[in-house]
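# Structural features, examined
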Amino acid sequence: MGKKLTTEQIAGYERDGFVCPVEGFSTEQTRGWRERLEAFERAEGRKMTRGHNFKPHLLFPWVDEIVHSPIVLDAVEDLIGPDLRLFHLTVWPKDAGSGAYVSWHQDATYFALDPICHVTAWVALSDAPVEAGCMEVVPGSHKLGQLHHAEMQDPHNLLSRGQALAVDVDRTKTAFMPVKAGQFSLHHTHLVHNSRPNRSNDRRIGLGISYVPTHARCTSSTRVTAMLVRGEDKYGNFDDERRPTAEAGPEERAFHEKAVATFRQMNVEQTDNRTAVVKR
Ligand SMILES: O=C(O)CCC(=O)C(=O)O
């Protein structure tokens, strides 16, 4: 038994590369977070979707609360140890009936992490059943190592670089990761996964929170930021991140803008190293 996960869930992660669902937050608490996100979108006149969906933990104290929650961190610690940095965070919204989808990919592709030991907690801010386009995974594919990806130019693909798996992986036996609002799933950075368009009547929203142990480093020549969220860091492989105190205040926005730009620069470097561009 771990701090949060059962022995079976930990063994399942080792074997299959994912755990789902994990009990997280109350419906009421989750509804409040969703309302704040959507109120911000209305105030800005812009949705937090592709192009504007990176690192909201630097903008909003309520996201800071989620990424530091022992409910999530205990589960992550059970998989990758007690000293943790938050490497990246993406908001994944899919409007009901929209064509938005996520192509088959491995998260590790543009992260340049060494060793490859990062885990993503996907926290649902709305129900994400199969018909709403929850994640779909190839169980055990995390053991295949890094696979080749190409870059697809498709506006419906929510992945910022449109990366898509460019090699054949047997997808005859996939598994879905449906979660209810407040629950979360966990997946390995090499797990092959995608998600289909949202055919439900409600918007599907989740936070993909990527954690790494502090001994991991980003091998890119661009030095990126990552927030220490638990334990200690004896390695100094990342620049620290500022925790937000005001809801998208001027200091929060300035820090966020810089951290996202640095992260994107690192991504571009990895794209140049790894992929060919494919027009669609
Ligand atoms: O939210 C989705 O549909 C995809 C999320 C994803 O690819 C991830 O969290 O790694």
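Everything below is about the structure shown above.
Residues numbered from 1 in each chain as written. Predicted model: local features only at pLDDT ≥ 70, side-chain atom pairs only at ≥ 80, totals over all residues. Heavy atoms only, no water.

## Considerations on the overall build of the protein chain
A count of helices and strands for the protein chain gives five helices and 15 strands. Scaling as 2.2 N^0.38, a compact globule of 280 residues should have a C-alpha radius of gyration of about 19 Å, and the protein chain matches this with 17 Å. Residues classed as buried in the protein chain amount to 56% of the 280 residues present. Across the protein chain, the fraction of contacts at a sequence separation of at least 24, relative to all contacts at a separation of at least 6, is 84%. (Helix = DSSP H or I, 4+ residues; strand = E, 2+ residues; numbered from the N terminus. Rg over C-alpha atoms; globule rule 2.2 N^0.38 Å. Buried < 20%, exposed > 50% of the residue type's maximum accessible area, 1.4 Å probe, protein only. Contact = heavy atoms within 4.5 Å.)

## Observations regarding the nonpolar core
Of all hydrophobic cores here, the largest spans 40 residues; its most connected members are Leu186, Ile209 and Tyr211. Sort the elements by how many residues they give to this core and helix H4 (residues 70–80) lands first, with six residues. Sequence-distant contacts of Leu186, that is, excluding residues within four places in its chain, are made with Leu5, Tyr13, Gly17, Phe18, Val19, Val22, Ala75, Val76, Leu79, Val119, Thr120 and Ala121. Trp122, Val137, Leu159 and Leu191 belong to the second-largest nonpolar core, a separate cluster that totals 16 residues. (Core = buried A, V, L, I, M, F, W, Y, C linked by side-chain atoms within 4.5 Å.)

## Side note on the pattern of salt bridges
Under the counting rule described, the total for this entry stands at 22 salt bridges. Its salt-bridge partner being Glu77, residue Lys3 comes within 3.2 Å of it at the nearest N-O pair. Here Glu77 lies in helix H4 and Lys3 lies in the segment before helix H1 (7–16), a separation of 74 residues in the sequence. Under the relative-accessibility criterion, Lys3 is labelled exposed at 53%. Two residues, Glu38 and Arg34, come together in a salt bridge whose shortest N-O distance is 3.4 Å. Here the residue Glu38 and the residue Arg34 both occupy positions in helix H2 (residues 27–44), the gap between them amounting to four residues, near one helical turn. Both residues of the pair, Glu38 and Arg34, belong to the buried class. Taken together, the shared-partner salt bridges connect Arg34, Glu38, Glu41, Lys47, Asp95, Asp202 and Arg203 into one network. (Salt bridge = Lys/Arg side-chain N within 4 Å of Asp/Glu carboxyl O.)

## Re the sheet that holds strand E6 (residues 135–137)
The four strands are arranged E3-E11-E6-E9 in an open sheet whose pairing can be described as antiparallel. Looking at which strands have only one partner, the edges of the open sheet turn out to be strand E3 (102–105) and strand E9 (175–177). Neighbour to neighbour, the strand axes of the sheet diverge by 25° on average, direction disregarded. Summarising the sheet, E6 and strand E11 (residues 193–195) pair through three bridges and their orientation is antiparallel. Paired with Met135 across the bridge in E11 is Ser195. (Pairing = 2+ DSSP bridges. Axes fitted to C-alpha atoms, helices over the stretch in contact; angles between N-to-C directions.)

## Examining the site of the ligand
Surrounding the ligand, one finds Trp92, Lys94, Val102, His105, Asp107, Thr120, Trp122, Met135, His187, His193, Ser195 and Arg204. Between the ligand and Asp107, the relevant distance is 2.9 Å, taken from an oxygen atom to a side-chain nitrogen or oxygen of the residue. Side-chain polar atom of Trp122 to an oxygen atom of the ligand: 2.9 Å apart, as the coordinates give it. For the ligand, whose free accessible area comes to 290 Å², the fraction covered by protein is 98%. Grouping the constituent residues of the shell around the ligand by class yields four nonpolar, five polar and three charged. (Near = heavy atom within 4 Å. Polar contact = N/O pair within 3.5 Å; in protein donor to acceptor, adjacent residues only side chain to side chain. Areas by Shrake-Rupley, 256 points an atom, 1.4 Å probe, with all protein chains shown as cover. Nonpolar A, V, L, I, M, F, W, Y, C, P; charged D, E, K, R; others polar.)

## Some details on the sheet that holds strand E1 (residues 18–22)
Reading across the sheet, the six strands line up as E1-E10-E5-E12-E2-E14 and stay open at both edges, with antiparallel pairing between neighbours. Of all strands in the sheet, those bounded by a partner on one side alone are E1 and strand E14 (227–230). The mean inter-strand angle of the sheet, taken between neighbouring strand axes irrespective of direction, is 30°. With five bridges joining them, strand E5 (residues 119–124) and strand E10 (residues 184–188) adopt antiparallel strand pairing. When the bridges of E10 are listed, Trp122 appears paired with Ser185. In the packing of H1 onto the sheet, contacts are made with E1, E5 and E10, and the angle to E1 comes to roughly 140°.

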